[in-house]
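Chain residues, written in single-letter form:
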Amino acid sequence: MRFHRLSDSVLRSLNSVTEDEGAVVFLLDTEVSRRLLLLRMILDAGAETPHGDAAELRQAWQLLETAERADPASFRRALVEPQVGVWAATMLRRLSRPDPQAAPGEAPLHVELGFLGQLAAAVFMNAGADFRTRVPVRDGRVFLPGLGRASVGGDSWGTAELWAHDGVVRVAAGGTTVTLPEDTESDAPGWEGLRRFRAEHAGVAITVTLDDLGPYAPVPALRAAGRLSPAGFACWQRWFGRMWPVLVDDHPASARALAAGLRSVVPLPRGERLRARAASSSDAFGCVLLSEPDEDEAVLAAQLGVAVVHELRHSLLNGLIFLSPLFEECDELFHTPWRDDPRPLGGLVHGVYAFSGVAHYWRARGTDGLAGFEFALWRSAVRVALKTLHGHSALTPLGRALVTALDEQTAGWHEEPVGTREQRLAHLAAAHRRASWRGHHLHSPQTHTGKLTTAWREGRRAEGLGGAGPEPELRTDPDVCRLDTLALLARLSLVAPGEFEALRGAADPAGRVPGAVRADVALVDGDPRTAVKLYAEELTGSGARPAAWAGLGLALTECGEEAAGAVLVEHPELAVAVSRSLSIPPDPVALAHWLAG
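Below is a summary of the structure that appears in this document. None of these values were measured; they are calculated from a predicted model. (Residues numbered from 1 in each chain as written. Predicted model: local features only at pLDDT ≥ 70, side-chain atom pairs only at ≥ 80, totals over all residues. Heavy atoms only, no water.)

**Some thoughts on the pattern of salt bridges**
Under the defined criterion, the tally for this structure stands at 39 salt bridges. Put simply, E297 and R242 hold a salt bridge, and the shortest N to O gap is 3.1 Å. Here E297 is found in the loop between strand 12 (287-291) and helix 10 (300-323), whereas its partner R242 is found in helix 8 (residues 230-250), with 55 residues between them in sequence. Among the residues examined, R242 registers a relative accessible area of 22% and is labelled partly exposed. Through salt bridges with shared partners, a single network forms among D187, R195, D212 and R227. (Salt bridge = Lys/Arg side-chain N within 4 Å of Asp/Glu carboxyl O. Helix = DSSP H or I, 4+ residues; strand = E, 2+ residues; numbered from the N terminus. Buried < 20%, exposed > 50% of the residue type's maximum accessible area, 1.4 Å probe, protein only.)

Encoded structure:
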């Protein structure tokens, strides 16, 4: 471990809408030192707990020290494995509890602490050295980071003998002995290898582990797909093989950064159509969780490429934050143009960093079709977020420098032309999402709502009551979801016009696109009068969505009723509050005109 200095050149590379290979290498180097510190903290904390076996822990530590001396390069590679990072962070959080004994769903403490021995064994195996040790068994299996998993059966939380001699590695427990194949990526009786997919184009190569075996979930809320079949693995190899030339040819800096920093992909089950899921974790540098992409031939490579670039940028920012904080603790919650829920300041900073890279990615891909739409959508989102962040008191000097740099680099984007249709769709998607978010999470103060409702009932004008009234209250709606429906429909109309055409005649579009209603389809299709009629029908029925007020506002605007449309787009929470205060739902178009004065 050594001292790391964040140089001006590295900082400039990180404070950018692009990715830089040199900055990735620097952050990986610092991650090695950070994980060494984590290991030492685990050793110290684990030795003090009365529930751990101090002797076994010291023995595992000594084995790890021997492994490092035997092959420092193999030790470094094993240390930066994403599974090692997730384990270390999880272990420290557990050891910091008053009682680190196993809670429901957790492995016994000795099993978790024994991961040190598994890490040491993996280093020895990579070095091709002889060794012998005992390691814990988890549910009848022994996982070796970066290599694979042996199934030995026996006790769920027992121990196994693990040794190597003359290049042959064996694992034994409960009368079962598993001999690892010479190529550990291959499967063998009792052994499942961690497979890697590879791609090369124009002299730039990438190798990525497909982690479908690791016992530690980088993002616990996302259910992994589990062990993939050979055919499933072949699909990922094919998808990355199609993506890589696009990145190398059109986004060379991003490709080189990914080649240096992308360590593993955790496959997730296929998501909804055009709602692919992607995530990353601050504990697992270079690990990306990805659902299977939609196989639209014309756009698969570009969409998979932007997903991995997006998540790599989260890893880069996490690495920077570990070196120096960008913001202080802040209790505020904020609107972000890419999430359904209100987010803390850190989430806003992370999002603007990631999506500035996303916008830059699409900017390089053209002004028409999907690329033009995505660029227009995300440049708008970044602009909104940067405006919120600018001058915020909780930002540190480094955080303010980051926001300023991104603002300067993206300022000129808003004058760049994109296709007329693409710009309209991007405006609809952005405005609808923002207004729907307000309708769900912002609430007009009760006193103001009462005045509005009384005035409506008495037939008085709303002069001075509608529009920008008192500051609304933020109360998070935990059930909100799919506020991106208009954006999804826009994408579908651009990449799969036949599927979008089928939605026009569908009695229930949600059966094909969850969250969509007929009014949304009409609005995206450029038929605002039909959209007004359909939104009004929903809003006079029971269980109307706040998003319907947002859609009605956009449809009215496109019909030329701009004042009524604007009040619903800018302050949909007023219409939601008045409508819910009345025993009989009002005529929504009449209410919009009344609120507009």
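**Observations regarding the sheet that holds strand 4 (residues 159-165)**
Sheets are built from strands paired through backbone hydrogen bonds, the pairs being either parallel or antiparallel. With antiparallel pairing, four strands are arranged side by side in an open sheet as 1-4-5-6. The open sheet is flanked by strand 1 (131-136) and strand 6 (176-179), the only strands paired with a single partner. For this sheet, the mean inter-axis angle between neighbouring strands, taken without regard to orientation, is 20°. Here strand 5 (residues 168-173) runs beside strand 6; their pairing, made up of four bridges, is antiparallel. When the bridges of strand 6 are listed, R170 appears paired with T179. (Pairing = 2+ DSSP bridges. Axes fitted to C-alpha atoms, helices over the stretch in contact; angles between N-to-C directions.)

**Things to note about the environment of L79**
Examined against the element boundaries, L79 turns out to sit in helix 4 (residues 72-79). The sequence separation of L79 and E311 amounts to 232 residues, and the corresponding C-alpha distance is 21 Å. Not counting the four nearest positions on each side in its chain, L79 is found in contact with V32, R35, L36, L39, V84 and L119. (Contact = heavy atoms within 4.5 Å.)

**Focus on the environment of A172**
Structurally, the position occupied by A172 is in strand 5. Along the sequence, A172 and L210 sit 38 residues apart, while their C-alpha atoms lie 26 Å from each other. When neighbours within four sequence positions are excluded, A172 is seen to be in contact with A160, E161, W163 and T177.

**Remarks on the packing of helix 2 (residues 21-48) against helix 10**
For any two helices packed against each other, the geometry is given by the interaxial angle and the distance between the axes. Contact geometry for helix 2 and helix 10: axes closest at 10 Å, N-to-C directions at 55°. Judged on the interaxial angle alone, helix 10 and helix 2 are oblique. Between helix 2 and helix 10 lies a crossing whose hand is left-handed. From helix 2, V24, F26, L27, T30, E31 and R34 reach across to helix 10, where they touch L316, G319, L320, F322 and L323. When the residues that make up the contact of helix 2 with helix 10 are grouped by side-chain class, the tally is seven nonpolar, two polar and two charged. (Parallel < 35°, antiparallel > 145°, perpendicular 65-115°, else oblique. Left-handed = near helix turned anticlockwise from the far one by under 90°. Nonpolar A, V, L, I, M, F, W, Y, C, P; charged D, E, K, R; others polar.)

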